[in-house]
Structure formats: structure tokens, C-alpha cells
Amino acid sequence: MAEQALPSEDEDVERRGRPPRAVVGSQKQEEEVFGTAFDGKIIRRIWSFVHPYRAKIWLAVGAVLVFTGMQLTIPLIIGYAIDRGITAGPEGRTTLYLAVGAFLAAILVNAAASYMQETVVGKVAETVLFDMRRAMFSHLQRVSLSFMDKTEVGRLMSRLQGDVNSMQEFLETSVLSVGDIVLLIGIVAVLLSLDMRLGLLTLSVMPILFIVRLFWLPPARRSFMAAHETNSAANGALAEGINGVRTVQSLDRQQVNFDLYDEKSFANLRTHLTAAKFAQVMVPIVDTLTGIAMAVVVIVGGSMVLDTSLDIGVMVAFLFYIQRFFDPIRSLTLQYSVMQRAMSSGRRIAEVLDVPVAITDKPGAIVLNRDMDGSVAFENVTFSYRPGQPVLKNVSFRVNPGETVALVGPTGSGKSSAMSLVHRFYEVDSGAVKVGGHDVRDVTQESLGDQIAMVLQEPFLFTGTVLENVRYRKADATREDVVNACKAVGAHDFITRLPEGYDTVLGQRGGNISLGQRQLLSFARALVMDAKILVLDEATASIDSYTEMLIQKALVRLLEGRTGLVIAHRLATIRGADRIIVLQNGVMIESGNHDELMALGGLYAKLYTMNYSSFDDLPGTQDDSAPSTS
Amino acid sequence: MPAPSGLGRIFFWSVPLQAHPTGSAERREVSFAHVRAAHAGQGQGTIRRIIGLTLRHPWQVAIALGSTVVAVSFQLSIPILLGQAVDQAQGVLESNAGTSALVMTGLMLLGASVMRGIFTLLQNYYAEAVGHHTGHELRLAVYEKIQRLPFSFHDKVHSGDLITVGMLDLEGVRVFFSTALLRVVLLGMLIGLGAYLLISTDLVLGLLALSFVPFVAWRSSASQLQLRATWLTLQDKLQVLSRVMEENLGGIRVVRAFAGGRHEMEKFERASADALLLQHERVILRVRATSMMTFSFFLSMGLVLLVGGEKVIAGEMTVGTLTSFLTFMTILQMPVRQLGLMVNGFARASTCGARLFALLDTDVEIRDRPGARPLAAESGELRFENVDFAYPSDPTRLILKGVSFAARPGETVGIVGPPGSGKSTIAHLIPRFYDVTGGAITLDGQDIREVTLESLRARVGVVQQDPFLFTTTIENNIAYGDPWAKEPRIERAAESAQLHNYVMGLPAGYKTVVGERGASLSGGQRQRLTIARALVLRPSVLVFDDSTAAIDAGTEFRIRSAIKRFAKDRVTLVISHRLGALMHADQILFIENGEVLERGTHDELLALGGRYRALYDLQVRPEADLREAG
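- Per an unreviewed UniProt entry, chain B carries the name ATP-binding cassette, subfamily B and comes from Devosia enhydra.
- Listed in UniProt under the heading Sequence similarities (unreviewed entry), the comment for chain B reads: "Belongs to the ABC transporter superfamily."
- Taken verbatim from the UniProt record of chain B, the Subcellular location (unreviewed entry) comment is "Cell membrane".

- Per an unreviewed UniProt entry, chain A is named ATP-binding cassette, subfamily B, and its organism is Devosia enhydra.
- In its Subcellular location (unreviewed entry) section, UniProt records this for chain A: "Cell membrane".
- Taken from UniProt, the Sequence similarities (unreviewed entry) comment for chain A reads in full: "Belongs to the ABC transporter superfamily."

1. Description of the UniProt feature "domain: ABC transmembrane type-1" (unreviewed entry) in chain A
In step 1: Sites flagged by UniProt as "domain: ABC transmembrane type-1" (unreviewed entry) map to residues 58–341 of chain A.
In step 2: For residues 58–341 of chain A, the end-to-end C-alpha separation is 24 Å, with 91% helix and 0% strand making up the annotated structure.

2. Quick word on the domain arrangement of chain A
In step 1: Each assigned domain of chain A is listed here: domain 1 (32–353) and domain 2 (376–616).
In step 2: For domain 1 of chain A and domain 2 of chain A, the distance between their C-alpha centroids amounts to 56 Å.

3. Some words on the side chain of A:D180
Residues and elements named next belong to chain A.
In step 1: With respect to the helices and strands, the residue D180 is situated in helix α5 (residues 153–194).
In step 2: By relative accessible area, D180 is classed as buried at 16%.
In step 3: Setting aside anything within four residues of it in sequence, one finds D180 in contact with P328, S331 and L332.

4. Let's talk about the interface of chain B and chain A
In step 1: Counting residues at the interface gives 183 residues for chain B and 177 residues for chain A.
In step 2: If you sort the residues of chain B by the area they bury against chain A, B:R253, B:F258 and B:W484 come out on top, with a joint share of 6%.
In step 3: Our count for the contact surface shared by chain B and chain A stands at five salt bridges.
In step 4: Between A:E446 and B:R262 there is a salt bridge, and its shortest N-O distance comes to 2.8 Å.
In step 5: Across the chain B-chain A interface, the total number found is 31 residue pairs in polar contact (both at pLDDT 80 or more).
In step 6: Ranked by residue count, the leading element in the side of chain B that touches chain A is helix α12 (residues 261–313) of chain B, at 31 residues.

5. Structural notes on the sheet that holds strand β6 (residues 460–463) of chain B
Residues and elements named next belong to chain B.
In step 1: Strand order in this open sheet of six strands is β6-β7-β8-β3-β9-β10, and the pairing throughout is mixed. Unpaired on one side and paired on the other, β6 and β10 (595–600) mark the two borders of the sheet. Taken over all neighbouring pairs, the strand axes of this sheet differ in orientation by 15° on average, direction set aside.
In step 2: Examined bridge by bridge, strand β3 (residues 412–416) and strand β9 (residues 587–592) share four bridges and lie parallel to one another. Counted as the bridge partner of V413 is Q587 from β9.

6. What to know about the sheet that holds strand β12 (residues 587–592) of chain A
Residues and elements named next belong to chain A.
In step 1: Sheet architecture is open: six strands sit in the order β6-β9-β10-β3-β11-β12, paired in mixed fashion. Each end of this open sheet is capped by a strand with a single partner; those strands are β6 (452–455) and β12. Averaged over all pairs of adjacent strands, the angle between their axes in this sheet comes to 15°, without regard to strand direction.
In step 2: Most of the contacts of helix α12 (residues 415–422) go to strand β9 (residues 533–537), to which it runs at about 150°, and overall it touches β3 (404–408), β6, β9, β10 (563–567) and β11 (579–584).
In step 3: Strands β6 and β9 of the sheet are contacted by helix α17 (residues 515–529), whose axis makes an angle of about 180° with β6.

7. Remarks on the nonpolar core
The nonpolar side chains of a soluble globular protein tend to be buried, and buried together.
Residue and element names in this part refer to chain A.
In step 1: Ranked by internal contacts, the top residues of the largest apolar core, which has 137 residues, are F378 and L521.
In step 2: With 11 residues, helix α3 (residues 93–140) is the largest single contributor of residues to this core.
In step 3: Each of two domains, domain 1 (32–353) and domain 2 (376–616), supplies a minimum of three residues to this core.
In step 4: Setting aside anything within four residues of it in sequence, one finds L521 in contact with L461, V466, V470, A491, F494, I495, L506 and I513.
In step 5: I82, V286, A317 and F320 belong to the second largest nonpolar core, which has 95 residues in total.

8. Observations regarding the domain arrangement of chain B
All names here are of chain B.
In step 1: As assigned here, chain B comprises domain 1 (33–202 + 317–361) and domain 2 (382–466 + 539–629).
In step 2: Here domain 1 and domain 2 have C-alpha centroids that lie 60 Å from each other.
In step 3: At the junction of the two partners, domain 1 supplies four residues and domain 2 supplies six residues.
In step 4: Counting the surface lost from both domain 1 and domain 2, the interface buries some 370 Å², and carbon and sulfur atoms represent 68% of this.

9. Some points on a nonpolar patch on the surface
In step 1: Where nonpolar side chains cluster on the molecular surface, the patch consists of B:I80, B:L193, B:Y196 and B:L197 and spans about 360 Å² of accessible area.
In step 2: The dominant element in the nonpolar patch, judged by the number of residues it contributes, is helix α8 (residues 176–201) of chain B, at three residues.

10. Structural notes on the packing of aromatic side chains
In step 1: Going through the model one piece at a time under the given rule, you end up with 25 aromatic pairs over all chains.
In step 2: Taken together, a centroid distance of 4.9 Å and an interplanar angle of 75° make the contact between A:F383 and A:Y385 edge-to-face.
In step 3: Owing to a relative accessible area of 2%, A:F383 belongs among the buried residues under this scheme.
In step 4: Through successive ring pairs, a cluster of aromatic residues spans B:F151, B:F389, B:Y391, B:F433 and B:Y434.
In step 5: The ring centre of A:F130 lies 5.1 Å from the NZ or CZ of A:R133, which sits over that ring.
In step 6: In this structure, B:R219 packs its charged tip against the face of B:W218, placed 5.1 Å from the ring centre.

11. Notes on the pairing of strand β1 (residues 382–389) of chain B
In step 1: Here β1(B) runs beside strand β2 (residues 400–407) of chain B; their pairing, made up of five bridges, is antiparallel. Along β2(B), the bridge assignment pairs B:R383 with B:A406.

12. Things to note about the confidence of the model for chain A
Residue and element names in this part refer to chain A.
In step 1: A residue-level look at chain A finds 90% of positions with pLDDT of 70 or above and a mean pLDDT of 84.
In step 2: Counted against residues more than four places away or in other chains, residues 1–9, with its pLDDT under 50, gives 18 contacts.
In step 3: Low confidence marks residues 616–630, where pLDDT is under 50. Its contacts with residues over four positions away, or in another chain, come to 32 contacts.

13. A closer look at the environment of A:D373
Residues and elements named next belong to chain A.
In step 1: Of note, D373 is situated in the loop between α11 (327–353) and β1 (376–384).
In step 2: In this structure D373 comes out as partly exposed when scored by relative accessible area, which is 40%.
In step 3: Once the C-alpha coordinates of D373 and G402 are considered, the two residues, 29 residues apart in sequence, prove to be 9.1 Å apart.
In step 4: When residues no more than four places from it in sequence are discounted, the contact partners of D373 are P401, G436 and G437.
In step 5: A polar side-chain atom of D373 sits 2.9 Å from the main-chain amide nitrogen of S375.

14. Notes on the packing of helix α2 (residues 54–85) of chain A against α3(A)
Residue and element names in this part refer to chain A.
In step 1: Packing of α2 against α3 brings their axes to within 8 Å, and their N-to-C directions diverge by 160°. Here α2 lies roughly antiparallel to α3, going by the angle between them. Seen along the crossing, α2 lies across α3 with a hand that is left-handed.
In step 2: Its residues assigned to classes, the contact of α2 with α3 shows 25 nonpolar, six polar and two charged.

Cut-offs applied
Residues numbered from 1 in each chain as written. Chains lettered and ligands numbered in written order. Predicted model: local features only at pLDDT ≥ 70, side-chain atom pairs only at ≥ 80, totals over all residues. Heavy atoms only, no water. UniProt positions renumbered as here; feature names shortened; annotations may be inferred. Helix = DSSP H or I, 4+ residues; strand = E, 2+ residues; numbered from the N terminus. Domains from an automatic or database assignment. Buried < 20%, exposed > 50% of the residue type's maximum accessible area, 1.4 Å probe, protein only. Contact = heavy atoms within 4.5 Å. Buried area = accessible area lost by both parts, 1.4 Å probe. Salt bridge = Lys/Arg side-chain N within 4 Å of Asp/Glu carboxyl O. Polar contact = N/O pair within 3.5 Å; in protein donor to acceptor, adjacent residues only side chain to side chain. Pairing = 2+ DSSP bridges. Axes fitted to C-alpha atoms, helices over the stretch in contact; angles between N-to-C directions. Core = buried A, V, L, I, M, F, W, Y, C linked by side-chain atoms within 4.5 Å. Patch = residues over 30% accessible without salt bridge, like charges linked within 9 Å, V, L, I, M, F, W, Y side chains within 5 Å. Areas by Shrake-Rupley, 256 points an atom, 1.4 Å probe, with all protein chains shown as cover. Phe/Tyr/Trp six-rings, centres within 6.5 Å; stacked < 30°, edge-to-face > 60°. Lys NZ or Arg CZ within 6 Å of the ring centre and 35° of its normal. pLDDT = per-residue confidence, 0-100. Parallel < 35°, antiparallel > 145°, perpendicular 65-115°, else oblique. Left-handed = near helix turned anticlockwise from the far one by under 90°. Nonpolar A, V, L, I, M, F, W, Y, C, P; charged D, E, K, R; others polar.

Below is the structure:
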């Protein structure tokens, strides 16, 4: 067996119990969920989003005050009806009608105020969330590409979704909190003014609840957090199990994974039961305190009624207030956590908004138009991603209009960086990149983009139909334009074989067609752009020979009548170029056509005679450890 | 279970958790008992089956239901006691016993409140516990099922849908007991018993006090169902929005390359406006319902005050009884409003449950035959005997037709053919990802369908086309199939796969965590890691399924020679469209349309001058075609 052919250092491993290397689900750290409850800077930042709607917010605050006022008035009306109407004998009947009339008026105002407050706040909150998301998204369209390179899409998505959504609760409840505070103060004031002694006695349970909540909150919140974390851990493991199911089955890890998942699910069960205890333990506490307050009103208040120092209606009003007593305290203490969450989310949102925009249009930048000559020139360009580590050193070359130049060189030689500079993805450290005779820093980015069509190494397609993908942002391209482009690059045949031809919806990132076909579509997309300059990073992945042939033909078609700058990997492409530029470690070392370079006998000749299929295959330069910038 | 700190310790009561011993064999049994339990009640109606699942925790269900009955009884006693207190305070009952009677009532109120609190706690906690235990069982069952279901199932079911079933649908079933079933008892008792008490006291006033119930119940249910329907639509819209953002960020280079910023903002605005509009509609829907419910409640209260007041004035009723009516209404208000949640709970459980059970009841087609023995290891000869294959989704279209070949240990078989010829299917049949529809595959003379899956897959290593990397360290990823593997073996596998040098160049070396789907590794690096993963297992049959497409020819050559040293006891199958990868094989099969058209060594096939020869010419001289095209 194969085992015997290998040295056996670890054959005697005991395969029982928990496998040392086995994990399921992400090992990523959860982000901080709670920040400090109040951070002036973040509050101002959030306010700047709310500011456009401030008139509505003041309206809502007004409505909340009216609403709270009515909440306070209703028991008073009932108390009044009892004392001046119901218990006053037959003469009280008019007062009763009056009181019921007042009651009806109060509940109408109450309904109108609460309707207004809730709709206004609800709508404003949702709108603000979308505004925040839009601000972040549009900012991300302008931040430097080097930021985007080093930031995972998932992290940005969690800012755009998770963090924005966790602001929702804060935005919706903040106005209500104003009402809660007013209600709390109002109840205290009303009770004390109705009867100072009974009021003080009844209110004495309030501080107890405050203190209990204060002690309860930190451990309770920890338990809620733990429940939240174990839940996402279990869900993460499930998602991984689903996405990686083919690998799991082929490596026969089902049993091990099941055991590990069982642990996660069990931990989730445990933390949720603990959290449930913490959540429910407040119920008897609040009920006991309510019971004490009721007993006080009944015993003390009742005795006062007996010796006629208190009206019965006041006692009834007290009993009504007690029912509502603890609601504001409960929501205010919860509001504290809501604020903490909002602050930490707010800080992360602000972080995204504060990422500097590295590249902006110069004031008075000119619009590059189609009648420019289509030349590309590098003049003494030095460029680095990190200061002190230049990836291009004093590179100068010129691509004449209509000429095709191939950039070759080992991985990490600076080819991709050079290509990015033509499109001004980054700023040069010194020297200049000129397109059509203009420094790229002097023209608007959008007009520069209009004149340069770019094909990236990995074809990226968007969810949408074939037609939409090929047209992309060129909204004025007709269906015919698209079909012609696809015919030109040889994609038409396979497209017509798709279930709905050009209207077939491509799955996420073009998953339902092959890599080679995706490549052809990205060629067609570049062709529809009809730009004067084509910048192309040839794919390294080998594609089946049939599609490969189509791609090579399409390339020829694509470069027709255009200035071409191609990062070439395939010999066929290199040999087809008018001129070849050889880069090594950021320095341009050779330049000329194939025959000239062969005669020169330098790196190019060496690469060529070694007869590898791709020019990245330098033996000994297995240096993909260099940061990938493509 | 870790004891919670602080206040939690005081209120720490025991949880009847299922025994969960640490010994893995016992634990596995418990886990599988859970899995089996989750399948109980197959064939019954969805709701009945969910009820059956919750009843698997009879004690917790009993405590929850019992506590509900007790809690509701105490709850209902409170308005009666309050009314009694008001009457006592007025001295309407026994004239003398005044104060002591009040003390008695006050203490009874306190007692009733405390008891209500305690039993509400028990009711809520055990209701949650039932849900969490059921959830745990279902989670395990879903995970187990998904891991076992064969490739043919995963081919037709989208992974996103499975994640939805495993998370959202499971949640809908989990909360059924607490949100729906328990609420039926709670509301039934509260309304039923309450109505009886009120109506038996005073028919007219009782009917008036309850007059808001039907309206609120109807509004609440209708609006909840409407909200649920719009919620589902909203999720779809948000999904679109999130896809727009995710694709934009993932394809930011394409966006920048085509200066598509404005186009992308338009896409974002469209998706965003769509979702926001619906959000606003939902706010209105929700607020309108709650305002109407509040108003109708207060309106009945006003009527009770008016009619009750008249009755008191007429001497037909005491103020205390009127107070009982009013406080009873405040108690009833909340639960009646939540009636909609109960209706929603039923609706959700029945749709979610249907999907969840459909998954759990799916038959696992590929599994051990009864009495299957482990694969007996001998020489390791692989044989295809007249193999036919059609995908279960399209049984009439044969992907493989009568494929036969044999490979003895030490031999390499190359399989080549145009895209869609069926060559990759061969890789999937050997580890039984799919079962053959005709003929047989044997290993050492044993039909692979007659041996256990575990023993088969341990002997067969498939390096897949689209490798999945788990979010963990590189070494754990390499050791995925054998989580007991020690460092030297992992490193040797990585060396053979030409990955070692790269890994050693990383700051954290083998401890580097690679991202989801291996985002931080290039395509070629991912493929090399997958090769290392297969090599760690030292399989007797090693299949490369077009798994070197993103690896350059030079590296591939080095991998091939490294593997060769250990290949003398192993059957190696190389499936590729790249002739360079397989022309050294001992035997090459050329497949087209599922049939072996040519077979032999490289030289033999070249001499034959058939399709293989044509492919060879195409791949070796691409420039020729290019010139033709140009």
C-alpha cells in the first residue's frame, strides 16, 4: 500500500476522541458589539444624517409629548369621573357625561398623536438608514483601490448591512425615550400632587427596581451576547457545511464534522437557556414590586379613604398608574444597551466614511474626448504601494496609436501595476503617465474611463442577462451593437445555445457558463465600449483548447485599430505584438520585437528558448509570495 | 454549565438538560437519538408533527402549560381583589372590619402578584426551553441530513435555499410552541375565564368590556398576516440590494475599469428606492393597525365607564366592581393584541415546517447496502466494466456509455476529451458521489456498491476542479481529510504539491488562516492546496479532476515528478483537457459524448492520427490558427 512507501512518523497516532485539527465553522473573531453608551463625535455624525429631517423629528417629539400627556391624563379622568360623578349621587350624572366626553377627546388625541409619532419616526428612521447606506456605498466607489484590495468584501458588507441595521433600533426608540422620561417624571409628579404621603410610599419601590436593573443588566447582557455568538457560530458552521459539502463528502469528514457541530449546537442550546433565565428573572421581580405598590395603595390608601382623607377616585387612579409604572423604567434601561450598540456600529460606519479618497479630479480637469490620438506614454514613472518599496522604477516607454505592445516578465515584475496606472487606479510617486498626450491627472476620471477599455485577468460578470452584462454601463448600446460585438469575439454561438439566448440570466458571478465563455463575454464588453485604448491582462488559467482558439481569434479582433497594452502570458499573444517590453523587478530591461529580442539574447530569449507555455513559469521563481496586485 | 455571575447566581435554577456525557461514543448515541427523534411523525400533517416533536419533552411542556393555568388564575384574581379593596375602602361591605380587611386584601394582592410573577417565569422559561431543545434536535438532524445527501441532491438544490431551511425555517418551527401553541391555552383561558367572570357579574357591562376583543383580534391577525407577506417581499428586495452592493464591491476593479461608478449608483438607487418604498408601506401598515387597536380598546373602556357609572349612580353596582371591570380590561389588552402573533406563529410554522420536513424526509440514495463490509485492501486494482451513467435529473440522457478500462497499482490513466464529453463524471463515480446506472466499478474485484462508503472514500482521493477552502489555517485545511495528521506529514504533502515554499514565505506560515472560499489565495495556490489535501490521505486511487487548470505547466511538471516517487502502489487518474498533463500516462482514453473513441499510449495515439492527434496539433501550434484567423 501507499503508506509503506512513506516514512511513518505518525502512523501510531491514536485516532480516538476529538481530532486535534478539526474545526467547523469560521474561526474569525466577532466584532465588538457594545461601545461606550455615549460618544459625542458619533452622535454628531449620526445627527448629520438625521439633520435633513429635523423638522419631522421635532414634530414627532411634539407628538410624543402630547401622547405621553394623554397617557397621564386618562387615569386622572377616570378618577375624576368616580369622585365627582359616580359617587356624587344622581346629580353627578352630568359630570360623568362630561368626564366620558373628556375621555373620548383624550383617546382621540392619543390615537392621532401616537399615529403621527410612530409613522413619522418609523419612516424617518428607515430613510436615514438608507441614506447612511447610500453614503457609504457611494464613498466606496471613490476610495483608493489599494484600500479595496486589502479589505474583504464580507467586512464591507457587514458595515453596509449589519451595522446600518443595528442603528435602526436606536433611531426608532430614541424619540420614544424622550416620551419615557417625560412619562416617568409625569407619573411621579401626578402621584405626589394627588397625595404626597401615599405618593411617596408608593414610589418608594421605584428606586428598588432601578437598583435591581443596574445589577441585572451587565450579567444579563453578557448572557444575551453569548447566546448571540453561539448562534452565529452554529449558523456559520451550518453554512460552511452546506457550501463545502462536496469536499466534506470526498474527504469523508461527515462523522467528525457532525460531532463538532453537535458541540456548537449544544453550546448554543446552553447559552440560550441561560439567556432565557436572565430575561425571565425580571418577571417575578417586577411583579413583586408591583404587588408591593398595590398593597401599599390598598392598605394605606384604603385606610385614608376610610377616614375620608382621600377620595376613592384618587385611589383608583393610583391603582391605574401602578399598572404603567414600570414600563418607562424597563424601556429606559434597555435603551442604554441600544445606545451602546448604536455607538459601536456608528463608529464602524464613520470609519468607512472617513477612508480617504485618494484620487479626485483636479479642479478644472479637462474632458478627454475621442479625437485624442490614443497614445500611451510612461515618462520616468516610479510607483510604490508601500513607501520605500517601489514596484516600478523609472519606467519610460511609449505606445503609439494603433500599436500593440506586450508586457512580459516574471510574477511580481510590475506588469499589473503598470496597467493599473494607465487607468489611474493609483497615483504615481514621480514621473507621469500620459494618455493621448495628456497627463492622466489632468483629465476627468470618467472621461479617461471612457477612452480605455480594460479586460481583467479574472472575468467578472454581474447578475443579469447576457445582454446587460455585455452592455454594462454603455446604456446607449443597442441590442444590435451587443450582438455584433459578441459575433466579433466568437461568443455569439454559445450565447444562442443558452436557454434564452441573450436574455439568459447569468447566475451569480457568471457561474452557469464556463471560464472560457466568461472570458469571451468580458472581451465583448470591452468591444462594446469602443474605446481607443485597450488594456488587457491575459488570463493565466488554461482553458480548454477549443475555447482557447476562439479567445485567440477574439483577441486579434479586439486589438484591431486600437492602441493595445497587453500583459501577455501566451506565446501566441506575445509573438503577435508589434513590440515587447520586458520587465523585471520593476525595471524595464528589454524592448523590441520578437526577432530583435531573440537576437539580443537576454531574459526574453532565455524565457523563450526554455519553451514554457507561459512566461510566468520561471523555474526557481516560485515567488507567488509577492503580494498579488492583479 | 458555567454559573452566571452576579445576580444570576441567586436565580440559578436547575435545567433539565438532556444528559450530554463527554465520552464521545455515548455522546454520539445521544446525538443520533436526537437526529432520529427529529424524524418522528413522518407522513403526518406539518402542525401535528411539530406538536409531536415538542411533546418529546413532556415534562417541560407540562410545566409550561401547568404554570400558564396557574399564572392566568392569579392574574385574573387581581382585578377582583382590587375591586374588593375599593369597596372595602368605601366601607360598603362589613362596616366595622375596615382596616383589617384592607390589610388582608393588600396582602392577598401582594401574594397574587408574587405567584403570578413566579408562574409566568416558569411558563415563559419552560416554553423557551421546549423550543430550544426542539431546535437543537432539528439542527442536528438537518446538519446530518445535508452532510449525507448525495451530490445529485446538491446539484439540484441551491445552497442558499438549504441555508434558509437550516436557519429561518428551523426557527419558525422552533418558536411554534412558545408563540403559537402555548398562546392558545393562555388566551383561551384568559378570555374564556375572564368573560365568564365578567358576564356572570353583569351581562351588559361584561359584553361592553369585551367588545374590543373581536375587533382587536381580527385587526391584529389580519395585519400580522399582511406584515408577514410584505416581509417576504421585502426580503427579496433587500436581497437584490445586497447583491448589487456585494457584486459591486467584489468586482470593484471592473467597475473602476469601465468608470462604471455612476451606473452602479443608479443600480443601487433603483434597488434601494424599491426596498425603501416597501419599508414605508410596512410602517404605515403596522402603525395603522396598532392605532386602531388602541383606540378601540379605549373606546370600550369609555363605554364601560359611562354605562358602569350610570349603574353605580343608580345603585345597581359598587365602585369596586366597576374598578374590577376597568382593571380587568387593562390586563386583557396586551394578550389580545398579541393574538396576531399567535396566528402568525401557526402560519409560519406550517410553511416553514413543510419545507424543513421535506428536507429531513429526503431519501439518502447513496448509502451502505445492508451488510456492506469494509473494502478489503489488496493490490488496489481499479476496473470500469461497461459503465453507463445518466444523472438522476435526466435519466434518459446517457453521459457515459459502456466505458471500460482497468488500471493496476503504479499505473497512470489519462482521460481527455472536449468539454461536456463526460470525462469529469468518471471522477465522481469512483468515490460513489453518484452510482453508475449500468455496469460496475470494482476495486480489487469488489463492486464499490457492496462495500461501506467510509472504507471506499478513505481509499479514493479526488482532487476537484473547484476547490473549497474552509476558514481555518492552511495546515488544518491540508489535514482536512485526516484531522489527526501531524506536521511532518502535512509539510511533505505540501512539498509534493509545490506549496511548501509559498507557505513558508507567509508571515504565519502553516498557521495562516485562509478566508472563505480561499479568497486570499490565487486559483493556482488553491488548487495546489487541494492536491496536498488529497496527498495527505495517501489514497490507493488518486484522481485529478481537471485540477491543474490554474497551475502553470512548470509547476505541474514538478508536482507530477514529486508524486511519482510515491505512486508505485497507487492508481493515478488524470483528467484534463491539457495534453501536457497526461501525455506521460501509461494509458490514455479519448472520450467524446460519453464513449471511449481512442485508447493507447501517447505515441500510439499520435500514430493513429485520429482525434487525439487533432487535439495535439491544436494545442501545440496555436499560432498557426492565429495567423489563419488574422
